[in-house]
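# Structural description and commentary
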Amino acid sequence: MSSSATATATWKQLLLNSINSNSHLKHSTYFQLATVGINGRPSNRTVVFRGFQDGTNKIQINTDSRTRKIDDLKHCPFAEVCWYFTETWEQFRIHGKVDMIDASNSDPDKLKQREAAWFAGSVRSRLQYLGPTPGIPSLDEQPSHDSLDPSAGPVDAFCLLLLDPEQVDYLNLKSNERLAFSTRRSFNGEKFWTQYKVNP
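What you see is a predicted model; the values in this text were computed from it and never measured.

Reading the values: the criteria
Residues numbered from 1 in each chain as written. Predicted model: local features only at pLDDT ≥ 70, side-chain atom pairs only at ≥ 80, totals over all residues. Heavy atoms only, no water. Core = buried A, V, L, I, M, F, W, Y, C linked by side-chain atoms within 4.5 Å. Buried < 20%, exposed > 50% of the residue type's maximum accessible area, 1.4 Å probe, protein only. Helix = DSSP H or I, 4+ residues; strand = E, 2+ residues; numbered from the N terminus. Contact = heavy atoms within 4.5 Å. Salt bridge = Lys/Arg side-chain N within 4 Å of Asp/Glu carboxyl O. Expected span 1.5 Å × (residues − 1). Phe/Tyr/Trp six-rings, centres within 6.5 Å; stacked < 30°, edge-to-face > 60°. Lys NZ or Arg CZ within 6 Å of the ring centre and 35° of its normal. Pairing = 2+ DSSP bridges.

## What about the nonpolar core?
Of all hydrophobic cores here, the largest spans 28 residues; its most connected members are Trp11, Leu15, Trp83 and Ile94. Those elements giving two or more residues to this core turn out to be α1 (10-21), β2 (30-36), β4 (59-64), α2 (68-75), β5 (78-85), β6 (90-101), β7 (158-172) and β8 (177-185). Beyond its immediate chain neighbours, meaning those up to four positions away, Trp83 contacts Leu15, Ile19, Ser28, Tyr30, Phe31, Phe49, Glu90, Gln91 and Phe92. Counting residues in each nonpolar core, the second largest holds 11 residues, with Ile101, Leu127, Tyr129 and Val155 among its members.

Printed below as a string of structure tokens:
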């Protein structure tokens, strides 16, 4: 088993390469996000990759603040992503802590990030946050929200999630290669990544 240490996240370049190689496949921008519920049981769902936060390794996910995943993350802020690329036979499992940025956040910088994420989405995707509360029984007659001012800022239901990776497990089934990445802290408190080659 060999290891190496670096200040930059080499797994991120691997992931960007995979995204690029599979970009012609629409489903390559979708991955699974697993959380732990208040009852201690796992909960999993498919979400859309919204890019990395500028200058960081943090993965951006847009969600409705009324969904169950928000309650899960309030209970336990750790989550794991599982992302499989069908063209290149690569899997990434990314574990980390999630920062939730909703309308009640008091940090002006984070609210700017939330607003930027809102406007980065299409008007059609923004409309879903005007619908009825997800996961509750559906009524026969529900108000339709088919219009939205494109220049209006984020609605209350819109929430930006930022997953800050701490561990990454990379598996390439074509080359039969598996790498484990994890974060460490140096003596002066700076974050760096270690990389290990492990058995598939």
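## Remarks on the pattern of salt bridges
Tallied over the entire structure, the rule returns 6 salt bridges. Of the charged contacts in the structure, one is a salt bridge between Arg66 and Asp64, with a shortest N-O distance of 2.8 Å. A relative accessible area of 29% means that Arg66 is categorised as partly exposed. For Asp64, a relative accessible area of 7% puts it in the buried group. For Lys110, the salt bridge goes to Asp99, with nearest N and O atoms at 2.9 Å. Of this pair, Lys110 sits in helix α3 (residues 108-120) while Asp99 sits in strand β6, and the two are 11 residues apart along the sequence. Exposure remark for Lys110: the relative accessible area of 25% places this residue in the partly exposed category.

## Some details on unusual backbone geometry
At Trp89, a position not held by glycine, the phi torsion is positive, near 60°. Along the chain, Trp89 turns up in the loop between β5 and β6. We classify Trp89 as partly exposed; its relative accessible area is 42%.

## Comments concerning α1
Each α-helix turn comprises 3.6 residues. Residues three or four places apart therefore point the same way. Between the first and last C-alpha of α1 there are 17 Å, a value that for 12 residues agrees with the 16 Å anticipated at 1.5 Å per step. At its buried positions, α1 is contacted by β5, β6, β7, β8 and β9 (191-198).

## Section: the packing of aromatic side chains
Within the structure shown, the criterion is met by 12 aromatic pairs. Here Tyr129 and Phe158 contribute two aromatic rings whose centre-to-centre distance is 5.1 Å and whose plane-to-plane angle is 90°, an arrangement assigned as edge-to-face. Of the two residues, Tyr129 is situated in the loop between α4 (123-127) and β7 and Phe158 in strand β7; the sequence distance between them amounts to 29 residues. Members of the aromatic cluster, joined through ring pairs, are Trp11, Phe31, Phe49, Phe52, Trp83, Phe85, Phe92, Tyr170 and Trp193. Lys12 extends its terminal NZ or CZ atom over the ring of Phe52, reaching a point 4.5 Å from the ring centre.

## Section: the pairing of β6
Pairing geometry for β5 and β6, over 8 bridges, is antiparallel. Within β6, the position partnered with Tyr84 by the bridge is Gln91. Taken together, β5 and the strand that follows it, β6, pair antiparallel across an intervening segment of 4 residues, in which Trp89 is found at a positive phi of about 60°. Here 12 bridges tie β6 to β7, and the two strands are oriented antiparallel to one another. Among the inter-strand pairings, Gly96 is bridged to a residue of β7, identified as Pro165.

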